[in-house]
Amino acid sequence: MGLRLLHLNLHGLIRSHDLELGRDSDTGGQTLYVLELVKGLAARPEVEKVELITRLINDRKVSSDYSNPVEKISSCAEIIRLPFGPKRYVRKELLWPYLDDLADRIVERLQKENKFPDWIHAHYADAGYVGALVSRRLGLPLVFTGHSLGREKLRRLLAAGIDHDHIEQTYSISKRIDAEELALAHSNLLITSTKQESDEQYARYGRFSSKNVEIIPPGVDLNRFHPVDINSKDEEKELNKLFKPFLRDLNLPPLLAISRAVRRKNIPALIETYGRSSILQQRHNLILILGCREDSRQLEKQQREVFQQVFELVDKYNLYGKIAFPKQHKREQIPSIYRWAANRGGLFVNPALTEPFGLTLLEAAACGLPMVTTDDGGPREIHSRCENGLLVDVTDLEAFRDGLETAGSNLSLWKTWSNNGVEGVSRHFSWDAHVCNYIAFMQKRLKFLAPRHWTLGNIKEITPIGQKILFFDLDNYLEQSKSLSILRNKLENNSLNQDIQLGILTGRSIKAARYRYAETQLPKPSVWVCQAGTEIYYSEENKSDIFWQDSITVDWNRKGVEKVLFDLKDYLELQPSDHQAPYKVSYLLKEPSHAILPLVRKRLRQSGLAASPHLKCHWYLDVVPLRASRAEAIRYLTLRWGLSLEKVFVVASQQGDAELVRGLTTALIPFDHDSSLDALRSQQRVFFSDAQDGVLDGIKHFRFFKSH
Ligand SMILES: O=c1ccn([C@@H]2O[C@H](COP(=O)(O)OP(=O)(O)O[C@H]3O[C@H](CO)[C@@H](O)[C@H](O)[C@H]3O)[C@@H](O)[C@H]2O)c(=O)[nH]1
Ligand SMILES: O=P(O)(O)OC[C@H]1O[C@](O)(CO)[C@@H](O)[C@@H]1O
């Protein structure tokens, strides 16, 4: 029985052929890396099946390939496209509100198949978030590769003088960093491309642990990227045609840059440097391959801004006849472009503010084109192994110009670099080597990987419940509900024990909850989710679900939480001991504040504590294990009951209840809800009721009781 692998790559345009790399900000190196890795894994004898999950996109602006729910890559690899978020193609930063839906959908899909993957490999922050939830709920090992990290991107953009609010608005950078922290907290293995990434970039994350890292450099397809080509005559002709409209002298050695047209790639700095140097302008053409475009005004904002700067700089330095930035190219022309530049003694330039790895550098090297590149992670490692060019500080334009002028001034050095590059890449950077190491590392780790906690297969079944369950929060709903008697009557009339069950959510202990609930004279609930989602009790039982306990206490350190938050006593006051619990540290805010939750979250992360804060009603602050919450407890229960989340009805009314509404549950928000929930109006399966008693209104709206 071979390995079954699940890869998650949620954004950009990915398909089994003709990748549209550079088309937009979200389709670039990672897209190529993931496809090459999946193909390489699928070709291995140890592997039985590889599934690559991505987003189903139905948009006439992109190829219909991306609306194909299942696409074969090879005999044992396929792309599965699942719907989440808008049908049309949207940039990755807009997907955050829909990732919980996808996590629920993947869990339900795996449950139905009843054949779990040996591990999940999540690529980038968005997939890392989804992978963490699926891994936690099904007890599956998680591998994470960031490809590019939010903290590093934030740091570099701030250093380049960009305003923090602008970065937050444009890139939702705090959601991305939260997701990366969650992925790191849940991953059993981190695969990075370079040591620097793990030592300097991942190390900035509170939940990073260096013992879970394997460094496996990516590869390059040597069948496509190589120095000379038999039909080089045709290549020459084709590329001369591509560049002729731009360049006065086609044979000048070019400075070549190939990248997505995004801010981080820092292309304008290259043009500025070229524009300020008469030597560079005499010696070289400048060629920019920045994705494909019809009309730069139709591009997304970030790309439009980059092209705007390009056009302005060309004009400012009057570079007409020396610079080429073709609108279109085909993926298969890329190797020819590197060769075309190498045949003219050119240089490949990567001016990026930060470059986690840089697949273009491998491609250039494989085609015999030396590099002048930003002195960062990947480029440093490639340079140390291949010695095929220069590293420069691209934020110092003088140094950048000197580097380019030096690199282009010495033919014998150029030849040495060119040969070193071809030889070094084939020796150190092949996908076969990558895949071989990948499998070896994972199998070695899987051996020592005691299932981090229960898995569905090994827990005894509890009595399956009826078709549907209604969850509401004891502390919120029942106090506010004006028509308990109608609800009581409704539930009784629907022969509760056959069809509808009740589930209680509360921050209280089971004892306090039972006492409080008795006043309502409502039918007995099937389940109690107590102590803010850290304890689960069934019906009359007074012993909590030990599998849930086992599942959430991974890395829980109650004392550590109290210690780390002790000096926030000016803002937080510990609640009395009868409100405390083994897996819950409860505080009261001394005064309402939006800043306290992120501050507590940051403190817990920086101390590497697997704990997260939940604020309710603007002033109850509960710190619980990372894996525990009311929403997670509900999902645990549906997995044990084999109940689809669509059959779960939750009532959310207070600040802090948003977590109950995310994902595939059906939610009702009564009219007297806290304004913080208004942000959920756009969410599917959420009903805002204006009726006096929203619960009944919601039950009618969703026809939740069969005979209502
Ligand atoms: O117009 C274009 C622009 C780019 N590319 C290709 O797109 C890829 C770009 O990859 P890379 O140079 O690695 O940059 P990113 O797109 O930024 O990739 C991210 O993900 C990669 C894989 O993890 C890492 O190597 C990078 O550092 C990281 O920034 C390369 O194959 C290019 O040939 C094109 O084919 N046409
Ligand atoms: O520029 P960012 O936000 O760090 O994201 C890098 C982007 O480049 C990619 O390689 C494109 O495939 C992905 O990693 C991601 O969409």
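The structure displayed is predicted, hence computed values, not measured ones.

Here we look at the overall build of the chain
Here's step 1: A count of helices and strands for the chain gives 26 helices and 25 strands.
Here's step 2: For the C-alpha atoms alone, the extent of the chain along its principal axes is close to 90 × 55 × 50 Å.
Here's step 3: Looking at the chain alone, contacts between residues at least 24 apart form 70% of all its contacts between residues at least 6 apart.
Here's step 4: Here the chain has roughly 28500 Å² of accessible surface; of this, 51% comes from carbon and sulfur atoms.
Here's step 5: Seen as two clouds, the 96 positive and the 89 negative side-chain charges of the chain have centres 1 Å apart.

Some details on the nonpolar core
Here's step 1: In terms of nonpolar packing, the biggest core is built from 63 residues, with Phe 243, Leu 256 and Tyr 338 touching the most fellow members.
Here's step 2: Here the element with the most residues in this core is helix α1 (residues 29-42); it accounts for eight residues.
Here's step 3: Counting only domains with at least three residues in this core, you end up with domain 1 (3-219 + 435-446) and domain 2 (232-428).
Here's step 4: Contact partners of Leu 256, with chain neighbours within four places excluded, come to Ile 287, Ile 289, Ile 337, Tyr 338, Ala 341, Leu 347, Phe 348, Val 349 and Leu 369.
Here's step 5: Residues Leu 8, Val 130, Leu 133 and Leu 149 belong to the second largest nonpolar core, which totals 52 residues.

Some points on the site of ligand 1
Here's step 1: Every one of the 26 residues lining ligand 1 counts as a neighbour, but Gly 29, His 147, Arg 260, Glu 355 and Glu 363 are closest to it.
Here's step 2: Within the backbone of Gln 30, a nitrogen or oxygen atom sits 3.4 Å from an oxygen atom of ligand 1.
Here's step 3: Elements that contribute at least two residues to the shell around ligand 1 include exactly α1 and α13 (359-366).
Here's step 4: Considering each element in turn, the shell around ligand 1 owes the most residues, four residues, to α1.
Here's step 5: Of the residues that make up the shell around ligand 1, three or more belong to each of domain 1 (3-219 + 435-446) and domain 2 (232-428).

Considering the pattern of salt bridges
Here's step 1: Enumeration over the complete set of coordinates arrives at 52 salt bridges.
Here's step 2: The salt bridge partner of Glu 51 is Arg 109, with a shortest N-O separation of 3.3 Å. Of the two residues, Glu 51 sits in strand β2 (residues 47-55) while Arg 109 sits in helix α2 (residues 99-113), which places them 58 residues apart along the sequence.
Here's step 3: Among the residues examined, Glu 51 registers a relative accessible area of 6% and is labelled buried.
Here's step 4: Exposure remark for Arg 109: the relative accessible area of 21% places this residue in the partly exposed category.
Here's step 5: With a shortest N-O distance of 2.7 Å, Asp 545 and Arg 640 are connected by a salt bridge.

A short note on the site of ligand 2
Here's step 1: Taken together, 16 residues sit near ligand 2, with His 11, Gly 28, Gln 30, Ser 148 and Lys 153 positioned nearest.
Here's step 2: Between ligand 2 and the protein, one listed contact pairs an oxygen atom with a side-chain N or O atom of His 11 at 2.8 Å.
Here's step 3: Starting from 390 Å² of accessible surface for ligand 2 in isolation, the protein chains cover 96%.
Here's step 4: The element contributing the most residues to the shell around ligand 2 is α1, with three residues.
Here's step 5: Residue classes in the shell around ligand 2 are distributed as one nonpolar, nine polar and six charged.

With respect to the domain arrangement of the chain
Here's step 1: If you check the domain split of the chain, you get domain 1 (3-219 + 435-446), domain 2 (232-428), domain 3 (454-554 + 627-708) and domain 4 (555-625).
Here's step 2: Using C-alpha coordinates to define each centre, domain 1 is positioned 28 Å away from domain 2.
Here's step 3: Buried area between domain 1 and domain 2, summed over both chains or domains, comes out near 2300 Å², and the portion from carbon and sulfur atoms is 56%.
Here's step 4: The tally of links between domain 1 and domain 2 comes to one salt bridge.

A word on helix α26 (residues 694-701)
Here's step 1: Regarding α26, the residues found buried are Gly 694, Val 695, Leu 696, Gly 698 and Ile 699.
Here's step 2: Arg 703 sits one or two residues past α26 and shows a positive phi near 50°.

Re the sheet that holds strand β5 (residues 119-123)
Strand pairing in a sheet relies on backbone hydrogen bonds. The paired strands run either parallel or antiparallel.
Here's step 1: Spatially, the eight strands line up as an open sheet ordered β3-β4-β2-β1-β5-β6-β7-β8, and their pairing is mixed. Where the open sheet ends on each side, the last strands, each with one partner, are β3 (70-74) and β8 (213-215). In this sheet, neighbouring strand axes are inclined to one another by 20° on average, regardless of whether the strands run parallel or antiparallel.
Here's step 2: Its contacts with the sheet put α1 on β1 (3-8), β2, β3, β4 (77-82), β5, β6 (142-145) and β7 (189-192), and the angle it makes with β2 is roughly 160°.

Digging into the side chain of His 284
Here's step 1: Relative to the helices and strands, His 284 is located in the loop between α10 (278-283) and β10 (285-289).
Here's step 2: Among the polar contacts made by the side chain of His 284, one reaches the main-chain carbonyl oxygen of Pro 253 at a distance of 2.9 Å.
Here's step 3: Beyond its immediate stretch of four places on either side in the chain, His 284 contacts Leu 252, Pro 253, Pro 254, Leu 255, Tyr 274, Leu 347 and Gly 408.

Quick word on the sheet that holds strand β20 (residues 585-589)
Here's step 1: If you trace the four strands from one edge of the open sheet to the other, you get β19-β20-β22-β21, paired in antiparallel fashion. Each edge of the sheet is formed by a strand with only one pairing partner; in this case those strands are β19 (572-574) and β21 (611-616). Strand-to-strand twist in this sheet, taken as the mean axis angle between neighbours without regard to direction, amounts to 30°.
Here's step 2: Where β19 lies against β20, three bridges are found, and the strand directions are antiparallel. What sits directly across from Leu 574, in β20, is Tyr 587.

Cut-offs and rules
- Numbering of residues starts from 1 in each chain and follows the order in which that chain's sequence is written.
- Here the convention is simple: chains get letters from A, ligands get numbers from 1, in the order in which they are written.
- Local features are withheld for residues below a pLDDT of 70 in this predicted model, meaning they are given only at 70 or higher, and side-chain atom pairs are given and counted only at 80 or more; totals for whole chains, interfaces and linings count all residues.
- The basis for every side-chain value is the complete set of non-hydrogen atoms in the structure, without hydrogens or water.
- Each helix is a run of H or I in the DSSP string that is no shorter than four residues. Each strand is a run of E no shorter than two, and both are numbered from the N terminus.
- Here a residue-residue contact requires only that any non-hydrogen atoms of the pair lie within 4.5 Å.
- Accessibility throughout is a Shrake-Rupley quantity obtained with a 1.4 Å probe, and a residue counts as covered only by protein chains that appear here.
- Charge counting treats Lys and Arg as positive and Asp and Glu as negative, with His and both chain ends excluded.
- Here the site of a charge means NZ on Lys, CZ on Arg, CG on Asp, or CD on Glu.
- The criterion is simple. A nonpolar core is a set of buried Ala, Val, Leu, Ile, Met, Phe, Trp, Tyr and Cys residues joined through side-chain atoms within 4.5 Å.
- To sort residues, take the accessible area from a 1.4 Å probe on protein chains only and compare it with the maximum for the residue type: under 20% means buried, over 50% means exposed, and anything in between is partly exposed.
- Throughout the structure description, domain borders are defined by an automatic or database domain assignment.
- The rule for a residue being near a molecule or strand is that one of its heavy atoms must lie within 4 Å of it.
- Polar contact is defined as a pair of N or O atoms within 3.5 Å, subject to the rule that within protein one atom must be able to donate a hydrogen and the other to accept it, and that residues adjacent in sequence are counted only when both atoms are side-chain atoms.
- Whenever a carboxyl oxygen of Asp or Glu lies within 4 Å of a side-chain nitrogen of Lys or Arg, that contact is scored as a salt bridge.
- Under the convention adopted here, Pro, Cys and the residues Ala, Val, Leu, Ile, Met, Phe, Trp and Tyr are nonpolar, Asp, Glu, Lys and Arg are charged, and Gly plus all remaining residues are polar.
- Computed with a 1.4 Å rolling probe, the buried area is the accessible surface lost when two parts are put together, summed over both parts.
- Following DSSP output, two strands are said to pair if at least two bridges run between them.
- Every axis corresponds to a line fitted to the C-alpha atoms, with the helix fit spanning only the stretch in contact, and the corresponding angles, defined between N-to-C directions, vary from 0 to 180 degrees.

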